[in-house]
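Close look at the chain arrangement
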Amino acid sequence: MRNILIACSIAALAAGAVQAAEVKVQWQEPEKFTDIRPANDSRKAYRERIMKKFDGFFTDMAARLPEGYSWQVTVTDIDLAGDIDYFAGGAGNTLRIVKDIYSPAIKFSHVLRDKHGEEVISNEEKLRDMGFMHSIRSVSDNEEFRYEKQMLNTWFDKELLPKVEQYALALPKVSTN
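So, here's what we can say about the structure. The model shown is predicted, which means the values in this text are computed figures rather than measured ones. (Residues numbered from 1 in each chain as written. Predicted model: local features only at pLDDT ≥ 70, side-chain atom pairs only at ≥ 80, totals over all residues. Heavy atoms only, no water.)

1. As for the overall build of the chain
The helix and strand inventory of the chain stands at 3 helices and 7 strands. In the chain, the succession of helices and strands from N to C terminus is β-α-β-α-β-β-β-β-β-α. Counting all 177 residues of the chain, 37% fall into the buried class. When contacts within the chain are restricted to residue pairs at least 6 apart in sequence, long-range pairs at least 24 apart make up 67% of them. (Helix = DSSP H or I, 4+ residues; strand = E, 2+ residues; numbered from the N terminus. Buried < 20%, exposed > 50% of the residue type's maximum accessible area, 1.4 Å probe, protein only. Contact = heavy atoms within 4.5 Å.)

2. Here's the deal with helix α3 (residues 146–170)
Between its terminal C-alpha atoms α3 stretches 35 Å, which fits the 36 Å expected from 25 residues at 1.5 Å a residue. Listed in full, the buried residues belonging to α3 are Tyr-147, Glu-148, Met-151, Leu-152, Trp-155, Phe-156, Leu-160, Leu-161, Val-164 and Tyr-167. Looking at the buried positions of α3, the neighbouring elements they touch are α2 (43–62), β3 (70–79), β6 (105–113) and β7 (119–128). (Expected span 1.5 Å × (residues − 1).)

3. Observations concerning the layout of surface pockets
Size it by volume and the largest pocket reaches roughly 230 Å³. Taken together, the elements giving at least two residues each to the lining of the largest pocket come down to α2 and α3. Of the residues forming the lining of the largest pocket, the biggest block, 3 residues, is contributed by α3. Across the lining of the largest pocket, the residue classes break down as 8 nonpolar, no polar and 7 charged. (1 Å grid on protein atoms, 1.4 Å probe; cavity = no way out; pocket = protein on both sides within 12 Å on 5 of 7 lines; lining within 4 Å. Points joined across faces, edges and corners; volume = space filled by probe spheres on them. Nonpolar A, V, L, I, M, F, W, Y, C, P; charged D, E, K, R; others polar.)

4. What about the environment of Leu-160?
Following the sequence through the fold, Leu-160 ends up in helix α3. The spacing of Leu-160 and Val-120 is 40 residues in sequence and 10.0 Å in space, taken between C-alpha atoms.

5. Thoughts on the nonpolar core
One finds Phe-54, Phe-58, Leu-65, Trp-71, Val-75, Ile-78 and Ile-106 to be the most contacted residues of the largest nonpolar core, which totals 36 residues. Mapped onto this core, the elements with two or more residues apiece are β2 (22–27), α2, β3, β6, β7 and α3. (Core = buried A, V, L, I, M, F, W, Y, C linked by side-chain atoms within 4.5 Å.)

Spelled out as structure tokens, the structure:
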């Protein structure tokens, strides 16, 4: 298992953003993932690029969590949007063809702890965005893995952040008197 520790404070300071939570992303046997096949790249280089990009996605999400929180994420599978077509590119050039029947998916487990080390949430997530081709996006949006990023951000906004807010509201109020 490859361990990557990403200190959001370093990433956030480099990006000029405000520091919030720390995230640790682990990759469990990425060479066995459902679909991270490259079109015209070596498997290892492409896998490393995907891992770096997804590390960034999780770092960006962690930057929106409360200060002092820690988030441990273990990615267990990725199925990228689209599929590899070995004949579409002509002249031996392989292409990743993105159609709505090839929806993105990701599986990961995670544990989020507050600044006191108390568990806020722990779960195994299995996300798939069947409507990824129908979401509104900018014409100039050509970011690599944009469908996967959108799927993760939608989950984060609709599932994780509300639970973090609910947890904060349930904490006992302590008087400073």
